[in-house]
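Understanding the architecture of this molecule
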Amino acid sequence: MAASLQAAVTFMQPTKVGAPSRNTLQLRSSQSLCKAFGLEPAGGRVTCSLQSDLKDLSQKCVDATKLAGFALATSALVASGANAEGVPKRLTYDEIQSKTYLEVKGTGTANQCPSVAGGVDSFAFKPGKYNAKKFCLEPTKFTVKAEGISKNAPPEFQDTKLMTRLTYTLDEIEGPFEVLPDGGIKFEEKDGIDYAAVTVQLPGGERVPFLFTIKELVASGKPDNFGGEFLVPSYRGTSFLDPKGRGGSSGYDSAVALPAGGRGDDEELQKENIKNAASLKGKITLSVTKSKPETGEVIGVFESFQPSDTDLGAKAPKDVKIQGIWYAQLEQ
């Protein structure tokens, strides 16, 4: 029993590490501990080889590194797969209505116009007066007319990068819709979510804000090509104040550092001082690609041209071209 207790004390009391060349750990017993237990001090040494322990430790580190790398690669693949899903599948109106809020949330479906299942590839409604409901316009491409990146390049419509979240679709628009005896159609916009603030970025980095809208649209023509003009309200209202406190219906008349009657009335500063929130004009062309008289649904494509934001008259607007699809339901 005394021998076993002596060995235990020897293992518990490390006193000296030997030379690295031997790769051995030398442990000595403590005379004070032995005397405390009533034992004679022993001169024996317990040696343990570290060679096998170091090999096991290094192998475990290698295995842990491989496992961490595999986990990181797996998570990257899962993330890339989630982003690769892209645009969600386009659903019909009934399919969208059958889904709950949680099923639609975060999928992008709420920003899409419904599709039409079946039907004919033409406008098949009889002459008469209808009421257009659920009128929806979903942009699929934004281009802005601007000077090219290369020197002396003429202005042209350039592709842009969307800086706005998926909240740019117009929906729930209503208005009278008439099918004329000669095959022509006429639509007048009256109400609905008929504007959306959008910002896009040009290849050079310039950002272009504008108000996508079809306010007070009066469109007429043949089903394969009908359209008209609409109002484009100011991107900012008259009560908006710029960084110097100037506004259209409130705020200062001019910058505080430029008193009225002095340099504040100079021509180059007049546009900044005098805010202009007047509406501009835009033009849209629509075309019917499919209709389904049984359900009153009609779908097609559109192309719209409108001005961008003018910063309340401080800068010249840019021409914005918007292309996309539209959907509506016709009821008599």
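Computed from a predicted model, the values in this text were never measured in an experiment.

As summarised here, the arrangement of the three strands in space is 6-10-11, forming an open sheet in which the pairing is antiparallel. In this open sheet, the two edge strands, each paired with only one partner strand, are strand 6 (161-162) and strand 11 (207-213). Examined bridge by bridge, strand 10 (residues 195-201) and strand 11 share seven bridges and lie antiparallel to one another. In the sheet register, Val200 faces strand 11, and the bridge partner there is Val208.

Negative phi characterises most residues that are not glycine, and trans characterises most peptide bonds. For Glu172, which is not a glycine, the phi torsion comes out positive at approximately 55 degrees. On the secondary structure map, Glu172 appears in strand 7 (residues 170-179).

The biggest cluster of nonpolar side chains holds 39 residues, and the ones touching the most others in it are Phe123, Leu137, Phe177 and Trp326. Excluding its chain neighbours within four sequence positions, the residues that come into contact with Phe177 are Phe123, Gly128, Lys129, Tyr130, Asn131, Ala132, Ile185, Lys186, Phe187 and Leu330. If you look at the next biggest cluster of nonpolar residues, it comprises seven residues, including Tyr93, Cys113, Cys136 and Tyr327.

Moving on, we get to the state of the cysteines. One way to say it: the disulfide is the covalent bond shared by the sulfur atoms of two cysteines. Throughout the structure, instances matching the rule amount to one disulfide. Linked covalently through their sulfurs, Cys113 and Cys136 form a disulfide whose S-S length is 1.9 Å. Handedness here is read from the sign of the S-S torsion; for Cys113 and Cys136, about -85 degrees, the answer is left-handed. Of this pair, Cys113 sits in the loop between helix 5 (101-104) and strand 4 (128-146) while Cys136 sits in strand 4; the two residues are 23 residues apart in sequence, bridging distant segments of the chain. Pair check on accessibility: Cys113 and Cys136 agree, each one buried.

Scoring rules and cut-offs
One numbering rule holds for all chains: residues counted from 1, following each sequence as written. Reporting in this predicted model follows two pLDDT cut-offs: at least 70 for local features of residues, and 80 or more for side-chain atom pairs to be given and counted; totals over whole chains, interfaces and linings ignore these cut-offs and use all residues. Side-chain numbers come from the whole structure's heavy atoms, not from hydrogens or water. Between any two strands, pairing holds if DSSP finds at least two bridges. Elements are defined by DSSP. Helices are runs of H or I of four residues or more, strands are runs of E of two residues or more, and each kind is numbered from the N terminus. Joining through side-chain atoms within 4.5 Å is the link that ties buried Ala, Val, Leu, Ile, Met, Phe, Trp, Tyr and Cys residues into a set, and such a set is a nonpolar core. Burial here depends on accessible area, computed with a 1.4 Å probe over protein chains only, as a share of the maximum for the residue type. Under 20% is buried, over 50% is exposed, and the range in between is partly exposed. Should any heavy atoms of two residues lie within 4.5 Å, those residues are considered in contact. Note that a disulfide, as used here, is simply two cysteine sulfur atoms within 2.5 Å.

That is the geometry; function is a separate question.
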